[in-house]
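Chain residues, written in single-letter form:
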Amino acid sequence: MREEKTKYYVIKEKAVPEVLLKVIEAKRLMDMQELTVQQATEKAGISRSSFYKYKDDILPFHDNAKGKTITFILQMDDEPGLLSDVLKIIAEFHGNILTIHQTIPLNGVASLTISVDIAEDLGDASEMINEIESRQGVHYFKILGQES
């Protein structure tokens, strides 16, 4: 019998079922207010059974990413200063660039692969990603992997 490998996915919040978001909320309430499971699940509006079913299977991305390396690919316009802007965003969110590779631009678009170490106490990967994705000239962004 073959052992099944655990697979991980990064998905946007709008695609996450409401029950899983409520599990995250209950966990946050327990951490912040030192509530019992019963109290936290009541406040979050879910059953204890739902909480126990999913509590170990969902973590907020930014909490899970702190102190880790994230590798992502992005495509952006070949425009003076745009790469500098992206690197500045990474620095503003306390990310330390470990590797960066840029292809020769084709049809005015360059592809980059960047590995970033997220500062354990200061970094916020999800906000950093939102800032990069919303930057004019960035057309595509995908997380390739995450490691400890």
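Residues numbered from 1 in each chain as written. Predicted model: local features only at pLDDT ≥ 70, side-chain atom pairs only at ≥ 80, totals over all residues. Heavy atoms only, no water.

**Description of the sheet that holds strand S1 (residues 69-77)**
Reasoning step 1: The strand order across the open sheet built from four strands is S2-S3-S1-S4, with neighbouring strands paired in antiparallel fashion. Edge positions in the open sheet fall to strand S2 (95-102) and strand S4 (138-147), since each of these has one partner strand only. Between one strand axis and the next, the sheet turns by 20 degrees as a mean value, whatever way the strands run.
Reasoning step 2: Relative to strand S3 (residues 109-118), S1 runs antiparallel, the two sharing nine bridges. Bridge pairing links Thr-69 to Asp-117 in S3.
Reasoning step 3: Packing against the sheet, helix H5 (residues 82-92) makes contact with S1, S2, S3 and S4, and its axis sits at approximately 155 degrees to S2.
Reasoning step 4: Relative to S4, helix H6 (residues 125-134) is tilted by about 155 degrees, and along the sheet it contacts S1, S3 and S4. (Pairing = 2+ DSSP bridges. Helix = DSSP H or I, 4+ residues; strand = E, 2+ residues; numbered from the N terminus. Axes fitted to C-alpha atoms, helices over the stretch in contact; angles between N-to-C directions. Contact = heavy atoms within 4.5 Å.)

**Observations regarding the pattern of salt bridges**
Reasoning step 1: All chains considered together, the criterion is met by four salt bridges.
Reasoning step 2: Of the charged contacts in the structure, one is a salt bridge between Arg-135 and Asp-85, with a shortest N-O distance of 2.2 Å. With Arg-135 in the loop between H6 and S4 and Asp-85 in helix H5, this residue pair connects regions lying 50 residues apart in the sequence. (Salt bridge = Lys/Arg side-chain N within 4 Å of Asp/Glu carboxyl O.)

**Things to note about the packing of aromatic side chains**
Reasoning step 1: The full count for this structure, using the stated rule, is two aromatic pairs.
Reasoning step 2: Each ring, one from Phe-51 and one from Tyr-52, has its centre 5.5 Å from the other, and the planes form 75 degrees; the classification is edge-to-face.
Reasoning step 3: Given the relative accessible area of 3%, Phe-51 is considered buried.
Reasoning step 4: Taking the relative accessible area as the measure of exposure, Tyr-52 reaches 47% and is therefore partly exposed. (Phe/Tyr/Trp six-rings, centres within 6.5 Å; stacked < 30°, edge-to-face > 60°. Buried < 20%, exposed > 50% of the residue type's maximum accessible area, 1.4 Å probe, protein only.)

**Quick look at the nonpolar core**
Reasoning step 1: Core analysis: the largest hydrophobic core is formed by 20 residues, its most contacted members being Phe-72, Leu-74, Met-76, Ile-90, Ile-114, Met-128 and Ile-132.
Reasoning step 2: Breaking this core down by element, the ones donating at least two residues are S1, H5, S3, H6 and S4.
Reasoning step 3: When sequence neighbours within four positions are dropped, the list of residues in contact with Ile-90 reads Phe-72, Gly-95, Ile-97, Ile-114, Val-116, Met-128 and Ile-132.
Reasoning step 4: Core analysis: the second largest hydrophobic core is formed by twelve residues, Leu-20, Leu-35, Val-37 and Ala-44 among them. (Core = buried A, V, L, I, M, F, W, Y, C linked by side-chain atoms within 4.5 Å.)

**A few points about the confidence of the model for the protein**
Reasoning step 1: Averaged over all residues, the pLDDT of the protein is 86; the fraction at 70 or higher stands at 88%.
Reasoning step 2: Taken element by element, the protein is modelled with least confidence in helix H4 (residues 61-65), mean pLDDT 53, and with most confidence in H5, mean pLDDT 94. (pLDDT = per-residue confidence, 0-100.)

**What to know about H5**
Reasoning step 1: Within the span of H5, buried status applies to Leu-82, Val-86, Ile-89 and Ile-90. The buried side chains of H5 occupy one side of the element, clustering within an arc of 100 degrees when seen end-on.
Reasoning step 2: Taken together, the buried residues of H5 touch S1, S2, S3, H6 and S4.
Reasoning step 3: Looking one or two places after H5, you find His-94, whose phi comes out positive at around 60 degrees. (Arc of directions from axis to C-beta.)

**Focus: the environment of Tyr-140**
Reasoning step 1: Assignment of secondary structure puts Tyr-140 in strand S4.
Reasoning step 2: Tyr-140 sits in the partly exposed class, given a relative accessible area of 37%.
Reasoning step 3: Sequence separation between Tyr-140 and Gln-75 is 65 residues, and the spatial gap between their C-alpha atoms is 5.0 Å.
Reasoning step 4: Ignoring any residue separated from it by four or fewer positions in sequence, one finds Tyr-140 in contact with Ile-73, Leu-74 and Gln-75.

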